[in-house]
Amino acid sequence: MLAKVLIVILVILVILLVVLYFLGKKMQKKQAEQEAQIEAAKQTVTMLIIDKKKLKLKDAGLPAVVLEQTPKYMRRAKFPIVKAKVGPQIMSLICDASIFDIIPVKKEVKATVSGIYITGVKGIRGKLDTAPAKKKGKFKAWVEKMQEKTGAKPLK
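Presented here is a report on the structure given in the accompanying data block. The structure presented is a predicted model; accordingly, all values stated were derived computationally and were not measured.

## Examining helix H3 (residues 138-150)
Helical periodicity: at 3.6 residues per turn, an α-helix aligns residues three or four positions apart in one direction.
Right, so step 1: With 13 residues, H3 should reach 18 Å at 1.5 Å per residue; the first-to-last C-alpha distance of 18 Å fits that figure.
Right, so step 2: Looking one or two places after H3, you find Gly151, whose phi comes out positive at around 85°.

## Some points on unusual backbone geometry
Right, so step 1: Phi is positive for Lys106, which is not a glycine, with a value near 60°.
Right, so step 2: Within the secondary structure layout, Lys106 lies in the loop between strand S3 (89-95) and strand S4 (108-114).
Right, so step 3: Overall, the relative accessible area of 66% leaves Lys106 in the exposed class.

## A look at the pairing of strand S2 (residues 78-86)
Right, so step 1: The pairing of strand S1 (residues 43-56) with S2 spans eight bridges and is antiparallel. From the neighbouring strand, Asp51 faces S2, where its bridge partner is Lys83.
Right, so step 2: Examined bridge by bridge, S2 and S3 share six bridges and lie antiparallel to one another. Its bridge partner being in S3, Val86 is matched across the sheet by Gln89.

Procedures and definitions
Residues numbered from 1 in each chain as written. Predicted model: local features only at pLDDT ≥ 70, side-chain atom pairs only at ≥ 80, totals over all residues. Heavy atoms only, no water. Helix = DSSP H or I, 4+ residues; strand = E, 2+ residues; numbered from the N terminus. Expected span 1.5 Å × (residues − 1). Buried < 20%, exposed > 50% of the residue type's maximum accessible area, 1.4 Å probe, protein only. Pairing = 2+ DSSP bridges.

Structure, rendered in structure tokens:
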């Protein structure tokens, strides 16, 4: 009896893994197509960054078309939004999460833009500051302190 139950559970797990594998492959292809579209439409633009925040799409001041095209489950999520002056026009743009921290506020930058999506940033005058280091958790800080005390790690 126990063996039958274990076999049924094992079969269900194998089926689940196969389904996840094929879904993952499909999502990878979709992402690759999207990256290719972004690369094809990218332009380099000079802009003055006015403000940057993580906001919900409805609070960001983006066009209504963007809100309509966004899936329902993503509408409540917060996105990195950059308000910038591009030429004479002030625009709200969505930023890539990986570069959001290095975008300087109230400075002029050369940004790689694809539609309303910022994919890259370079400083015009000087280099951009790197992203601030993340704070260590209490446990990690404690471990490092103990390593320094015992001599296992050289002092800074």
